[in-house]
Amino acid sequence: MDLVPSLPDDALADVLRRLAPRDLAASRCVCKSWLRVLDGRHLLRADLLPLSLGGIFLNFHDLYFTQFLNRPTAGATVSGRLDYTCRYSDPCRYPPRAYVYAHCNGLLLFDHCVVNPATQQWALFPIPPDVPKPPGMHFSTHMYLVFDPTLSPNYFELFILPDIPSKMNNDECEELEWPPSTLILPVYSSKTGSWEDMTFCREGEAAGTLTDMVWRSGFCNGRLSAYWQGSLYISCSNCFILRISLSDYKYRVISLPADVCAHGRDFYLGKSVKGIYCASLLRKTQLDVKLKVWFLTSQTEWVLKHARDIFPILPNLNFDKHYNRPWILQEFDYWYEYDASDVSDEEDAMADNNEALVEEVKFDWDSDKDDVLEPGSENNKNYLCILGFHPYKEVVFLSSWDRVLAYHWTSSKIQHMGKLFPNFYLKRRLSFHHPMVTDAFPYTPCWLGELPEKLNVDAELEDLQDGTLAEELQVQRCCARLDRLAAASAVNDSEWENMGLKHILVDYMLRMSYYDTATELAETSDIHV
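Residues numbered from 1 in each chain as written. Predicted model: local features only at pLDDT ≥ 70, side-chain atom pairs only at ≥ 80, totals over all residues. Heavy atoms only, no water.

Q: Teacher, can you tell me more about the overall build of the chain here?
A: Within the chain, the secondary structure is distributed over twelve helices and 29 strands. By the burial criterion, 47% of the 529 residues in the chain qualify as buried. The contacts of the chain with a sequence gap of at least 6 include a subset with a gap of at least 24, amounting to 63%. Accessible surface for the chain amounts to roughly 27300 Å². Of this, 52% is attributable to carbon and sulfur atoms. (Helix = DSSP H or I, 4+ residues; strand = E, 2+ residues; numbered from the N terminus. Buried < 20%, exposed > 50% of the residue type's maximum accessible area, 1.4 Å probe, protein only. Contact = heavy atoms within 4.5 Å. Areas by Shrake-Rupley, 256 points an atom, 1.4 Å probe, with all protein chains shown as cover.)

So this is what it looks like as structure tokens:
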């Protein structure tokens with residue numbers, strides 16, 4: 001017997017749909033009537049949450065716009081074209097900076113906005129404040145993104161964190177512990193629309209003094225972070241991990257695995273099946289490379305999950321071979337597209353056919369069966385690089401020159417995923433140009449949330465300053481009222497008032513999501529909705 005007081009289904013659905021997805025899932029267990037309303041009206045849309053791998057966003061050396069390696073799917077496709085978020089004054093001279101700095105549960109961080117590629121919605125954020133620097137200390141800062149659609153599908157947060165100081169001008173700074181016992185970080189909330197300083201207190205010991213901190217980074221992935229169960233994990237210059245708890249405003253220093261500290265230059269921190277993982281390629285010689293994968297336990301200790309010499313099992317890749325079901329590298333060269341004088345017929349055709357190719361591919365790439373490669377003995381000195389983890393499988397993504405591989409560390413199976421470098425990128429002839437991945441972000445599409453659409457901020461501000469926008473809106477309201485009064489004089493006053501009241505009721509019910517009742521009233525009153 002249901003103990004919860006009975007409510008009309010419309011009213012109950014309106015209350016429940018205001019809950020976050022995690023709370024909606026829990027509400028299915030309250031009583032049978034709630035379960036019936038939730039499932040019957042499809043209020044819990046798990047298919048809209050970031051629960052599948054959609055591709056990998058890639059940043060390259062000397063290329064200032066991000067490319068997208070798209071996973072083939074029979075469902076809705078995601079375009080990697082992101083220049084609709086950019087504002088620039090002279091498109092013929094300056095390319096848009098569609099450059100990804102971080103990813104979290106389906107949202108991407110740019111230097112001026114946060115983007116949802118699945119829905120093509122985006123939100124600007126104010127210019128970040130400067131982080132105060134103690135006298136004699138110099139450091140850079142990085143911005144990190146936190147978004148949890150199961151808790152709040154419409155809001156995100158940004159954190160600015162100082163890096164390990166790279167320069168100190170006095171001896172007193174060198175003896176300071178790092179990170180300090182109290183961190184005061186600028187935090188942006190899209191809910192409030194403003195930056196605020198928030199204080200985080202350290203639990204446990206510091207990583208050491210500043211003289212102990214040796215700044216180092218690998219060739220790939222210099223700004224590593226991952227969000228898991230209410231905490232943000234940040235790799236600090238490959239020296240240690242910072243875990244920031246967002247619920248109690250505390251943080252803790254987590255040491256890296258000993259092998260990574262001693263030998264690991266190619267290191268990756270990310271989220272996978274059960275939580276936070278790290279992987280490293282430990283190089284003794286050019287051909288003696290061991291891949292190791294660790295899992296972070298709740299006690300902040302690393303457990304080794306896999307260790308193997310990787311080159312003896314790498315396949316002998318044929319770069320000219322056509323594979324049956326590869327992933328699709330969406331190539332967008334904004335420089336050429338926005339400077340018509342430099343566009344060749346070949347590049348113009350590439351831009352036109354790029355997204356059409358993605359739409360034509362309608363099959364789901366199987367993460368277990370498609371394009372499995374036979375083990376070989378790769379010894380041609382191709383440089384390996386870690387691109388990230390599969391978010392829901394025990395798989396690490398690697399690059400071997402111009403190819404992307406999926407390595408299953410439980411079975412040592414390897415799959416071919418597709419090509420890595422765009423054609424226009426390889427054709428460049430620049431001084432000191434060396435094709436190389438600098439950042440990689442495995443992407444999980446999220447179809448939930450309501451980020452604001454693109455706004456012409458400059459034009460809107462100009463209109464507000466002149467006062468013309470407010471005046472125009474007021475004139476439109478007055479005209480609408482005059483039209484209604486003129487229509488009322490042609491019919492009976494009481495009938496007009498009654499019809500007006502019904503319009504108001506229908507409008508109110510639709511806004512409050514009482515769809516069934518609103519539709520019934522509209523049909524009986526000959527109101528078109």
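Q: Would you mind going over the pattern of salt bridges with me for this structure?
A: Pairing is possible between side chains that carry opposite charge, provided their charged atoms lie close to one another. In the structure shown here, the tally under the stated rule is five salt bridges. Note that Arg 81 and Asp 83 form a salt bridge whose closest N and O atoms lie 3.0 Å from each other. As far as burial versus exposure is concerned, Arg 81 and Asp 83 are alike and both buried. Residue Arg 202 is joined to Glu 177 by a salt bridge in which the shortest nitrogen-to-oxygen separation is 3.2 Å. Within this pair, whereas Arg 202 is found in strand 13 (residues 194–203), its partner Glu 177 is found in strand 11 (residues 177–178), the two being separated by 25 residues in sequence. Salt bridges linked by common partners bring Glu 203, Lys 250 and Arg 252 together as one network. (Salt bridge = Lys/Arg side-chain N within 4 Å of Asp/Glu carboxyl O.)

Q: I tried to follow the sheet that holds strand 24 (residues 372–373) on my own but got confused; where do I start?
A: Strand order in this open sheet of five strands is 24-28-27-26-25, and the pairing throughout is antiparallel. The sheet terminates laterally at strand 24 and strand 25 (384–389), the two strands that pair on one side only. Both strand 24 and strand 28 (residues 413–419) contribute to a ladder of two bridges, which runs antiparallel. For Leu 373, the partnering residue across the bridge sits in strand 28 and is Ile 414. (Pairing = 2+ DSSP bridges.)

Q: Would you explain the sheet that holds strand 29 (residues 437–443) in this entry?
A: Spatial strand order, 23-2-1-29: four strands in an open sheet with antiparallel pairing. Pairing within the sheet leaves two strands with one partner each, and these edge strands are strand 23 (328–330) and strand 29. The sheet shows a mean angle of 20 degrees between the axes of neighbouring strands, taken without regard to direction. (Axes fitted to C-alpha atoms, helices over the stretch in contact; angles between N-to-C directions.)

Q: Honestly, the nonpolar core in this entry has me stumped. Any pointers?
A: In terms of nonpolar packing, the biggest core is built from 45 residues, with Leu 109, Leu 145, Phe 156, Leu 158, Phe 200 and Leu 242 touching the most fellow members. Every residue in contact with Leu 145, bar those within four places of it in the chain, is listed here: Ala 102, Cys 104, Leu 107, Leu 108, Leu 109, Val 114, Phe 156, Glu 157, Leu 158 and Leu 232. Counting residues in hydrophobic clusters, the runner-up holds 41 residues, among them Leu 63, Phe 110, Val 404 and Ala 440. (Core = buried A, V, L, I, M, F, W, Y, C linked by side-chain atoms within 4.5 Å.)

Q: Help me out: how do you make sense of the confidence of the model for the chain in this one?
A: In regions of low pLDDT, the predicted coordinates are not meant to be interpreted in detail. Here the chain shows a mean pLDDT of 75. Residues at 70 or above account for 64%. Confidence drops under pLDDT 50 across residues 88–93; counting only partners more than four residues distant or on other chains, this segment forms six contacts. Of the regions scoring below 50 in pLDDT, residues 453–466 engages in twelve contacts with residues more than four places distant in sequence or in other chains. (pLDDT = per-residue confidence, 0-100.)

Q: Quick question: what am I supposed to make of the pairing of strand 19 (residues 266–271) here?
A: The two faces of a sheet get side chains in turn, since along a regular strand they alternate between them. Across the six residues that make up strand 19, a large majority, five, are buried. Linking strand 19 back to strand 20 (residues 276–283) in an antiparallel pair, the connection comprises four residues, with Gly 275 at a positive phi of about 150 degrees.

Q: Please clarify how the packing of aromatic side chains should be interpreted in this entry.
A: To describe a pair of aromatic rings, you give the distance between the ring centres and the angle between the ring planes. Under the defined criterion, the tally for this structure stands at 20 aromatic pairs. Ring geometry for Phe 60 and Phe 421: centres 5.5 Å apart, planes at 55 degrees, overall tilted. With Phe 60 in strand 1 (residues 55–60) and Phe 421 in the loop between strand 28 and helix 8 (423–426), the pair connects residues that are 361 residues apart, well separated along the chain. Pair check on accessibility: Phe 60 and Phe 421 agree, each one buried. Relative to Trp 195, the ring of Phe 125 has its centre 6.5 Å away and its plane inclined at 80 degrees; by these criteria the two rings are edge-to-face. Of the two residues, Phe 125 sits in the loop between strand 6 (121–124) and strand 7 (137–138) while Trp 195 sits in strand 13, which places them 70 residues apart along the sequence. By way of ring pairs, the aromatic residues Tyr 268, Tyr 277, Phe 295, Phe 389 and Trp 409 are connected into one cluster. Of note, Lys 191 hangs over the ring of Tyr 155, and the distance from its end group to the ring centre comes to 5.6 Å. (Phe/Tyr/Trp six-rings, centres within 6.5 Å; stacked < 30°, edge-to-face > 60°. Lys NZ or Arg CZ within 6 Å of the ring centre and 35° of its normal.)

Q: Where do I start with the environment of Thr 517 in this structure?
A: Inspection of the secondary structure assignment puts Thr 517 in helix 12 (residues 515–524). Accessibility expressed as a relative area gives 38% for Thr 517, which makes it partly exposed. Measuring from C-alpha to C-alpha, the distance between Thr 517 and Asp 10 comes to 7.8 Å, with 507 residues separating the pair along the chain.

Q: Help me understand the side chain of Arg 202 in this model?
A: With relative accessibility at 19%, the residue Arg 202 sits in the buried group. A distance of 3.2 Å separates the side chain of Arg 202 from the backbone oxygen of Gly 204, its partner in a polar contact. Contacts of Arg 202, omitting those with residues within four sequence positions, involve Glu 177, Pro 179, Pro 180, Ser 181 and Tyr 251. (Polar contact = N/O pair within 3.5 Å; in protein donor to acceptor, adjacent residues only side chain to side chain.)

Q: In this structure, what is going on with the side chain of Glu 331? I would like to understand it.
A: In this structure, Glu 331 sits in the loop between strand 23 and helix 6 (334–337). A relative accessible area of 7% means that Glu 331 is categorised as buried.

Q: How should I be thinking about the pairing of strand 8 (residues 141–146) in this particular structure?
A: Of all six residues that make up strand 8, five are buried, and the element is covered over most of its length. In the sheet, strand 8 pairs with strand 9 (residues 157–162) via six bridges, with the strands oriented antiparallel. Directly across from Met 143, in strand 9, lies its bridge partner Ile 160.

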